[in-house]
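Secondary and tertiary structure notes
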Amino acid sequence: MPLPRPRPTLGVLGALGALLASAAGAQAHPISPATTRSAVPAAAVARAAGRTDPAVLARIREEGLERSRVMATATTLADVFGPRLAGSDGYRAAAEWTRATLAGYGLRDARLEPWGTRGGAAWTVERHSLELEAPYYARLVAYPYAWSPGVEGGVVRGTPLLLPALRGEEDVAKVAGQVRGRIVMVGAVPPDPERFAPLARRWTDAQLDSLARVTDPGSPKDYWDDAGGYAENVRRRLRVQLALKEAGALAMLTPSRSAASTQVAGYQAYDTDVRGAVPALSVARDDYARLVTLVQRAESAGRPAPTVALELRTRSEPPRTRADSQGVNVVAELPGSDPALRAEVVMVGGHFDSWTAGTGATDNAAGAAVAMEALRILQTVGARPRRTIRLALWDGEEHEDYHGSLGWVKAHLGDPETMRLGAEHGRVSAYFNFDNGTGRIRGLWMQGNAAARDVLRPLLAPFADLGATTLTLANTGSTDHMPFVGVGVPAFTFLQDPIDYETRTHHTAADVGANLLEDDLKQAAVVTAAMLLQVADLDQRVPRAPLPRPREAKVSK
């Protein structure tokens, strides 16, 4: 998932940070059936479950827990194929393997479906390093921004220039006379308020109970609330980076925001040309702090000024033809069996692309693998859903917009801007999204849809002993369910145990297969498979909230 998009205070979700901060006593062990079993009456379960055969649900559990392939799938996508930067050769190779794997499961029409075209380059890093050469030698931990241009000649050397945070072009103008021919260090190491908090945690029963009692969903209430000023902030940052290059800076170093690993995102360049930006690396916090100290104090202590050697070689290939610039989602289906309902669809997905410092394991090979495993389980156990179940793994989520999912929604369901709806809008019963790391499923963020909560609650009951019991009305954003929400289709993100997603792996060099939890992914795949099948078997579609208004109506209000 991308970094959170700027938006208003989150109301009830604003309290979640406090909830997490109090989670030091959370379960770090498998969830106890005694504390999670649902009290939903059996009759209500039977009514909501429609025609789903309990024997099939039992086979789902057995297949998913005893013969799982989810960990092998997730680690193959992450560590074997490596980073899946949107538009890159790595993305395409992983997508081709995934399509072939889904077809091998026996799913229908496994395909790479174009969603539209991009304006940015296909980018690959070939070599990078950051070394301290004086007053002593040290290899420093640093990773290039994705889409960063390489440095001229491959290697530059010099004493870094410390600059304050640059928030706009006017800030660059103030230092323009100093930066020419220099490696610049921009900003100070941010404080680490969570240093004494545990890196990994699970939701406690008290926290889940609080979430279940939420009555005000908070923000983001719709697609535009989620977007906030995100696009303009992206453009503002790019103007700063272009201005630094124009002023003659050789390269830019910035400190990692994560204390537990080196956090790196990149230039927002899937649909943007950034070849004129300053070459940039994110540096581990401790190494960045060491450089700051050396720049400030080495000479006054009688030591040589610090010198660093920065090597960065990248390959950037702008699209030459329409085919070069075409983005693709990975799509496959388990066809419906009811002649009256099989044209309707229940969907599951998550984004397929990743950043480049790690291998995109928790963000989001985990979500892709859970969705793939859920459909593999259903196919293997011979499930015959009444409605069609469709898997979609999205391109370009980490960038200027939700490119893959939004492109698909516009092509099939409607446009959030105008609210002109497509022919398939009425045929999608619900969309379920997985994009919050390796943690097991504890329930669903219901996006304010109270009527859907009442329908979906009984469907969790058969798997309550696995810990997935909580349905919260609270809204959540910054991932691919939002384009669906934007056109009024019921869309939900799975509520997962946070583990160490935000503290260790999100957009960091530590986002690799070693930090996946196999038992959690098994549970998630079983719960996902069961939910998809039961929703597909309902007599009616999942209830919908009122349609959103067109954007121009919101703006003029």
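Owing to the predicted nature of the structure, the values given are computational and were not obtained by experimental measurement.

**Things to note about the overall build of the protein**
Counting its regular elements, the protein contains 19 helices and 17 strands. Taking 2.2 N^0.38 as the reference for a compact globule, 557 residues should give roughly 24 Å; the C-alpha atoms of the protein span a radius of gyration of 24 Å, in line with that estimate. Over its C-alpha atoms, taken along the principal directions, the protein stretches across nearly 80 × 55 × 50 Å. Taken across its 557 residues, the protein has 59% of its residues classed as buried. By sequence separation, contacts in the protein at least 24 residues apart represent 87% of the contacts at least 6 residues apart. Of the roughly 21,500 Å² of accessible surface on the protein, 51% is carried by carbon and sulfur atoms. Considering the protein, the positive charge centre built from 63 side chains and the negative charge centre built from 62 side chains are found 2 Å apart.

**Things to note about unusual backbone geometry**
Peptide bonds are trans in most cases, and residues, glycine excluded, mostly fall at negative phi. Cis geometry is adopted by the peptide bond preceding Pro 220, which originates at Ser 219 and carries an omega value of 0°. Inspection of the secondary structure puts Pro 220 in the loop between α8 (205-212) and α9 (223-227). Residue Asp 363 is joined to Asn 364 through a cis peptide bond whose omega torsion reads 10°. Here Asn 364 shows up in helix α13 (residues 361-380).

**Points about the sheet that holds strand β12 (residues 345-351)**
Read from one edge to the other, the open sheet built from 8 strands follows the order β1-β11-β13-β12-β14-β17-β15-β16, with strand pairing classed as mixed. Every interior strand has two partners, whereas the edge strands, β1 (108-117) and β16 (470-472), have only one. The average undirected angle you get between the axes of adjacent strands in this sheet is 25°. Across 7 bridges, the pairing between β12 and strand β13 (residues 388-394) is parallel. Among the inter-strand pairings, Met 347 is bridged to a residue of β13, identified as Arg 390. Running over the sheet, α8 touches β15 (441-445), β16 and β17 (491-496) and is turned about 40° from β16. In this fold helix α14 (residues 403-412) packs onto β1, β11 (326-334), β12 and β13, with an angle of close to 100° to the strand it touches most, β1.

**Some words on the packing of helix α5 (residues 70-80) against helix α18 (residues 518-537)**
Two numbers describe a pair of packed helices, the interaxial angle and the distance between the axes. Axis separation between α5 and α18 bottoms out at 9 Å; the angle between their running directions is 110°. With respect to α18, the element α5 is oriented roughly perpendicular. Relative to α18, α5 is oriented so that their crossing is right-handed. In this structure, α5 contributes Val 70, Met 71 and Ala 74 to the contact, and α18 contributes Glu 518, Leu 521 and Lys 522.

**Things to note about the packing of α5 against helix α6 (residues 89-104)**
Contact pair α5 / α6: the axes reach a minimum separation of 10 Å and the direction vectors enclose 155°. The angle between α5 and α6 falls in the class roughly antiparallel. The element α5 and its partner α6 pack so that their crossing is right-handed. Facing Thr 73, Thr 76 and Leu 77 of α5, the residues of α6 in contact are Ala 94, Trp 97 and Thr 98. Looking at the contact of α5 with α6 residue by residue, the class counts come to 3 nonpolar, 3 polar and no charged.

**Some thoughts on the pattern of salt bridges**
A side chain with one charge may pair with a side chain of the opposite charge, provided their charged atoms come close. Going through the model one piece at a time under the given rule, you end up with 36 salt bridges. The partner of Asp 171 in a salt bridge is Lys 174, with the nearest N and O atoms 3.9 Å apart. In this pair, Asp 171 and Lys 174 are both assigned in helix α7 (residues 169-179), 3 residues apart and thus about one turn of the helix distant. As a salt-bridge pair, Arg 235 and Glu 232 come within 3.2 Å of each other at their nearest N and O atoms. You can see Arg 235 and its partner Glu 232 sitting in helix α10 (residues 230-246), 3 residues apart, about one turn around the helix. You can call Arg 235 partly exposed: its relative accessible area is 45%. Overall, the relative accessible area of 36% leaves Glu 232 in the partly exposed class. By sharing partners, the salt bridges in this structure join Glu 62, Glu 63, Arg 67, Glu 373 and Arg 376 into a single network.

**Structural notes on the pairing of strand β8 (residues 251-255)**
Across the 5 residues that make up β8, a large majority, 5, are buried. Neither face of β8 is left uncovered, since the one carrying Ala 251, Leu 253 and Pro 255 and the one carrying Met 252 and Thr 254 both have all their residues buried. Sheet topology note: the strand β7 (residues 183-186)/β8 ladder contains 3 bridges and is parallel. Across the sheet, residue Val 184 finds its bridge partner in β8, namely Met 252.

**Points about the nonpolar core**
Ranked by size, the top nonpolar core spans 72 residues in total, and within it Ile 60, Phe 432 and Leu 456 carry the most contacts. Among residues more than four places away in sequence, those in contact with Leu 456 are Phe 432, Leu 444, Met 446, Leu 471, Phe 492, Met 531, Val 535 and Val 542. Ranked by size, the runner-up nonpolar core spans 31 residues in total, among them Val 172, Val 184, Val 240 and Trp 355.

**Observations regarding the environment of Gly 426**
Positionally, Gly 426 belongs in the loop between α14 and β14 (428-433). Each C-alpha atom of the pair Gly 426 and Arg 541 lies 9.4 Å from the other, and the pair is 115 residues apart in sequence.

**Comments concerning empty space enclosed by the protein**
All told, the structure shown has 4 cavities of 30 Å³ or more when counted by the stated rule. A volume near 60 Å³ is recorded for the largest cavity. In terms of lining residues, the largest cavity is bounded by Val 264, Trp 355, Thr 356, Ala 357, Gly 358, Gly 360, Asp 363, His 507, Thr 508 and Asp 511. Of the residues contributing to the lining of the largest cavity, the split by class is 3 nonpolar, 5 polar and 2 charged.

Calculation notes
- Residues numbered from 1 in each chain as written.
- Predicted model: local features only at pLDDT ≥ 70, side-chain atom pairs only at ≥ 80, totals over all residues.
- Heavy atoms only, no water.
- Helix = DSSP H or I, 4+ residues; strand = E, 2+ residues; numbered from the N terminus.
- Rg over C-alpha atoms; globule rule 2.2 N^0.38 Å.
- Buried < 20%, exposed > 50% of the residue type's maximum accessible area, 1.4 Å probe, protein only.
- Contact = heavy atoms within 4.5 Å.
- Areas by Shrake-Rupley, 256 points an atom, 1.4 Å probe, with all protein chains shown as cover.
- Lys, Arg positive; Asp, Glu negative; His and termini not counted.
- Charge placed at Lys NZ, Arg CZ, Asp CG, Glu CD.
- Pairing = 2+ DSSP bridges.
- Axes fitted to C-alpha atoms, helices over the stretch in contact; angles between N-to-C directions.
- Parallel < 35°, antiparallel > 145°, perpendicular 65-115°, else oblique.
- Left-handed = near helix turned anticlockwise from the far one by under 90°.
- Nonpolar A, V, L, I, M, F, W, Y, C, P; charged D, E, K, R; others polar.
- Salt bridge = Lys/Arg side-chain N within 4 Å of Asp/Glu carboxyl O.
- Core = buried A, V, L, I, M, F, W, Y, C linked by side-chain atoms within 4.5 Å.
- 1 Å grid on protein atoms, 1.4 Å probe; cavity = no way out; pocket = protein on both sides within 12 Å on 5 of 7 lines; lining within 4 Å.
- Points joined across faces, edges and corners; volume = space filled by probe spheres on them.

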